[in-house]
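# An overview of the molecular structure
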Amino acid sequence: MAWNERLLGLLRQKSLPAWFEVAPFIVWLGMTAYATTSITLAQSVDPTIEVESLESDSPPARESYLGRKIAPTMSYAHAGWLVRSERQQEEDPKTALEQLQLKPGMLVCDMGCGNGFYSMEMAKQIAPGGKVLAVDIQQEMLHLLHLRAEETGIDNIETILGELTNPHLPLASVDLVLMVDVYHEFSHPEQMLAAIRRSLKPGGRIALLEFRAEDPKVPILPLHKMSKRQILREYRANGFRLGSQFDDLPWQHLMFFESDPDWKPGRLKKENESNSGN
């Protein structure tokens, strides 16, 4: 019997067991319709949005890197947490933004932008003439950002559907790449940092925010925290040097990195060889 005939037969029955059998299929249809609608709506807002391909030639995702276990990516289903009312009190993003020293006309990137909590604020501060490149690997997150930007009339945000190994940023053009509690989720940290390094213009910087692993009072799972020592280890191994840091946020490190002109790619190979078990 074909699956559609079986489904119709179950729907005609009024018994509880029959409905239990058909319920999973109905849920699957709903999820498929939602995913298709999300992509269609996003493209209707901005036809340039690229639909992520199911095929990928990326190298295998890492489970750990230089002694650190890599965290899974936070799903768009939890996007509401990014715009929770308590965020200002818990993380003080207003102060974090002040430390970025944004100016009108800058080209900045919100890497792992989610639904645009930081993208929206940066867009205001770099206008007129500036642009935010909002990168995320989840189409649904970009759709949520589009809706928020349209509602508020912000028009200087360009969304980019990134890949696990490539954020698709312009070369040697970006003044600042902001990463807020996202770097620790990179499944391909070396490829991503290399791409970010190529995107920075002379004098360009990375602003890295990560929950403090050194502080047990920060109520975040250890998998989603990073220590300064680990951050420095990974960034120095990938061609960056610490430019400055700000230590007065409630829960997070804020560290600014710039390209290290004396760095040689061979250092990364030696570092990886000494940590071949990671």
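Keep in mind it's a predicted model, so treat the numbers as computed, not measured.

## Points about the overall build of the protein
Of the regular secondary structure elements, the protein holds 9 helices and 10 strands. Counting over 278 residues, the protein shows a buried share of 45%. Here the analysis covers contacts within the protein between residues at least 6 apart in sequence; of these, 71% occur between residues at least 24 apart. For the protein, the accessible area works out to roughly 15000 Å², and carbon and sulfur atoms hold 56% of it.

## A short note on the layout of surface pockets
When its volume is computed, the largest pocket comes out at roughly 640 Å³. Residue lining of the largest pocket: 34 residues in total, with M74, V180, D181, V182 and E185 positioned closest to the centre. Split by residue class, the lining of the largest pocket holds 18 nonpolar, 9 polar and 7 charged.

## Describing the confidence of the model for the protein
In the predicted model, the protein carries a mean pLDDT of 84, and 76% of its residues have values of at least 70. Under a pLDDT of 50 for its full length, residues 14–20 has, in the predicted model, 6 contacts with residues more than four places off or in other chains. Counting contacts from residues 22–55, a segment whose pLDDT is below 50, to residues more than four positions away or on other chains yields 31 contacts.

## Digging into the nonpolar core
Ranked by internal contacts, the top residues of the largest apolar core, which has 30 residues, are M111, V177, M179, Y183, I206, Y235 and F257. Elements with a contribution of two residues or more to this core: β3 (107–111), β4 (131–136), β6 (174–180), α7 (189–199), β7 (200–212), α8 (228–236) and β10 (252–259). Aside from chain neighbours lying at most four places away, what touches M111 is V135, P167, L169, V177, L178, M179, V182, F186, M192 and I196. Counting residues in hydrophobic clusters, the runner-up holds 29 residues, among them M120, L145, L178 and L249.

## Considering the pattern of salt bridges
Under the criterion given, the structure shown has 11 salt bridges. Among the salt bridges present, the one from E190 reaches R62, with a minimum N-O distance of 3.3 Å. Placement of E190 in helix α7 and of R62 in the loop between α2 (16–45) and β1 (64–65) is noted, with a sequence separation of 128 residues between them. You can call E190 buried: its relative accessible area is 16%. We note a salt bridge from E121 to K124, for which the minimum N-O separation is 3.3 Å.

## With respect to the packing of aromatic side chains
Within this structure, the stated rule accounts for 6 aromatic pairs. Where Y183 meets F186, the ring centres are 5.4 Å apart and the plane angle is 75°; that geometry is what we call edge-to-face. You can call Y183 buried: its relative accessible area is 0%. Ring pairing ties together the aromatic residues Y183, F186, Y235, F240 and F257, which thus form one cluster.

## Some remarks on the environment of L223
Its location among the elements puts L223 in the loop between β7 and β8 (225–226). Note: C-alpha distance between L223 and R68 (155 residues apart in sequence) is 8.8 Å. Not counting residues up to four positions away in its chain, the partners in contact with L223 are K69, I70, A71, P72 and H184.

## With respect to the side chain of R87
Take R87: it is sitting in helix α3 (residues 87–91). For R87, a relative accessible area of 5% corresponds to the buried category. With sequence-adjacent residues up to four places away left out, R87 is seen in contact with L82, D92, P93, F117, Y118, V180 and D181.

## Considering the side chain of Q252
Inspection of the secondary structure puts Q252 in strand β10. Polar side-chain contacts of Q252 include one of 3.4 Å to the side chain of E91. A distance of 3.0 Å separates polar atoms of two side chains, one belonging to Q252 and the other to D181. Residues within four places of Q252 in sequence aside, it is in contact with E91, V180, D181, L209, E210, F211 and R212.

Scoring rules and cut-offs
Residues numbered from 1 in each chain as written. Predicted model: local features only at pLDDT ≥ 70, side-chain atom pairs only at ≥ 80, totals over all residues. Heavy atoms only, no water. Helix = DSSP H or I, 4+ residues; strand = E, 2+ residues; numbered from the N terminus. Buried < 20%, exposed > 50% of the residue type's maximum accessible area, 1.4 Å probe, protein only. Contact = heavy atoms within 4.5 Å. Areas by Shrake-Rupley, 256 points an atom, 1.4 Å probe, with all protein chains shown as cover. 1 Å grid on protein atoms, 1.4 Å probe; cavity = no way out; pocket = protein on both sides within 12 Å on 5 of 7 lines; lining within 4 Å. Points joined across faces, edges and corners; volume = space filled by probe spheres on them. Nonpolar A, V, L, I, M, F, W, Y, C, P; charged D, E, K, R; others polar. pLDDT = per-residue confidence, 0-100. Core = buried A, V, L, I, M, F, W, Y, C linked by side-chain atoms within 4.5 Å. Salt bridge = Lys/Arg side-chain N within 4 Å of Asp/Glu carboxyl O. Phe/Tyr/Trp six-rings, centres within 6.5 Å; stacked < 30°, edge-to-face > 60°. Polar contact = N/O pair within 3.5 Å; in protein donor to acceptor, adjacent residues only side chain to side chain.

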